[in-house]
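# Structural overview for review
Now for the letters of each chain:
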Amino acid sequence: MSGNSRFISSAQDGPHPDLPDLLRRHLAHPFRKPLADYNREAFAAALAARDAWNPQAPLIVDAGCGVGWSTLRIAAEFPDHFVFGVDQSIDRINRGKPLPLPANAVLVRADLVDFWRLLAAEGIRLARHYNLYPNPWPKIGHLARRWHGHAVFPVWRELGGTVECRSNWAIYIEEMAQALSLLSGQTVVAEPYATDDPMTPFEKKYLASGHGLWRCRVDLG
Ligand SMILES: C[S@@+](CC[C@H](N)C(=O)[O-])C[C@H]1O[C@@H](n2cnc3c(N)ncnc32)[C@H](O)[C@@H]1O
């Protein structure tokens, strides 16, 4: 992968001032967008795969897994957990399918906006929840497209688990940390992240391009 990824350019020079109010609105008004059938089917198939392996296995979601490198790594790191690597891109999921996925993981083509709500509706609590290099949506007017500004975000609290989010855009992680603090009542901080062993293709690309990496983590119980 080439090392010429462009730095994120945004008119925003700090966390969006509207984020706290937007999140409070989302917390006060449940998100009721109807669930799509293809997401219900993908969710049922993912759950069946977990149940066939071990119905008691704690679950990890690798949200926006792309081609699934990270899904593979997480499954190897937590061999007694089952990992759902979820991505909406059929192209990326299919490119990942030749990966030698261990028995405790599946790659799922689904929209997370529905997949997260389906997990919550099933009463499922996650052990871990990774959000590695989500689309940054850096335009000021795109706050509501970033996960922490999206109407579905409050469902993360229902899902619980240890949440980890990484990005090459410090402001995204500062906002995410602010939103997770509001959601959890805990102090969540944005921290620089360094590694020489990238976990995803985007992480590898950003490192090769000399970008700084950022992350925030919180245990949502
Ligand atoms: C910037 S890529 C990062 C991919 C991978 N995590 C990595 O670090 O290499 C963001 C990924 O999120 C996925 N994505 C964005 N919105 C999504 C949604 N609503 N549901 C599922 N996947 C989504 C995209 O298809 C894309 O693969």
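Look a little higher up for the structure.
Report follows, based on the coordinates. (Residues numbered from 1 in each chain as written. Predicted model: local features only at pLDDT ≥ 70, side-chain atom pairs only at ≥ 80, totals over all residues.)

### Let's talk about the pairing of strand β7 (residues 213-219)
Selection rule: Pairs of strands are assigned from DSSP output, requiring at least two bridges between the strands. Going along the chain from the N terminus, every DSSP run of H or I of four or more residues is numbered as a helix, and every run of E of two or more is numbered as a strand.
Pairing between strand β5 (residues 162-167) and β7: 6 bridges, direction antiparallel. Each residue of the ladder has a partner; that of Glu164, found in β7, is Arg217. One ladder, built from 3 bridges, connects strand β6 (residues 191-193) with β7; its direction is antiparallel. Pairing of Glu191 across the sheet is with Arg215, part of β7.

### Notes on the nonpolar core
The line we're drawing: Note on definitions: a nonpolar core is a set of buried residues drawn from Ala, Val, Leu, Ile, Met, Phe, Trp, Tyr and Cys, linked by C-beta atoms within 7 Å. Neighbour counting defines burial: a residue surrounded by 20 or more other C-beta atoms within 10 Å of its own C-beta is buried, one with 12 or fewer is exposed, and intermediate counts give partly exposed, using backbone-placed C-beta atoms. Remark: residues whose backbone-derived C-beta atoms lie within 7 Å of one another are considered to be in contact.
Phe84, Val86, Val108, Ile173, Met176, Leu180 and Cys216 are the most contacted members of the largest nonpolar core, which has 58 residues in total. At 8 residues, the largest contribution of residues to this core is made by helix α7 (residues 170-184). Apart from residues lying up to four places away in sequence, Ile173 is in contact with Cys165, Ser167, Ala190, Trp214, Arg215 and Cys216.

### Quick notes on the site of the ligand
Put simply, the rule is: What makes a residue near a molecule or strand is its C-beta atom, placed from the backbone, lying within 6 Å of it. In the scheme used here, Gly and all other residues not listed as nonpolar or charged are polar, with Ala, Val, Leu, Ile, Met, Phe, Trp, Tyr, Cys and Pro taken as nonpolar and Asp, Glu, Lys and Arg as charged.
Taken together, 19 residues lie near the ligand, and Gly64, Gly66, Gln88, Thr200 and Phe202 sit nearest. The set of elements that each furnish at least two residues to the shell around the ligand consists of β2 (82-87), α5 (112-121) and α8 (201-208). Per-element accounting of the shell around the ligand gives the leading share, 3 residues, to α8. Looking at the shell around the ligand, its residues break down into 9 nonpolar, 6 polar and 4 charged.

### With respect to the sheet that holds β5
Put simply, the rule is: In this description, a line fitted to the C-alpha atoms serves as the axis of each element, helices being fitted only across the stretch in contact, and the angle between N-to-C directions of two axes falls anywhere from 0 to 180 degrees.
One open sheet accounts for 7 strands, arranged β3-β2-β1-β4-β5-β7-β6; its pairing is mixed. Looking at the sheet topology across the chains shown, the edges are occupied by β3 (105-109) and β6. Strand-to-strand twist in this sheet, taken as the mean axis angle between neighbours without regard to direction, amounts to 20°. Sitting on the sheet, α7 is in contact with β5 and β7, with an inclination near 10° to β7.

In short, geometric facts, not functional conclusions.
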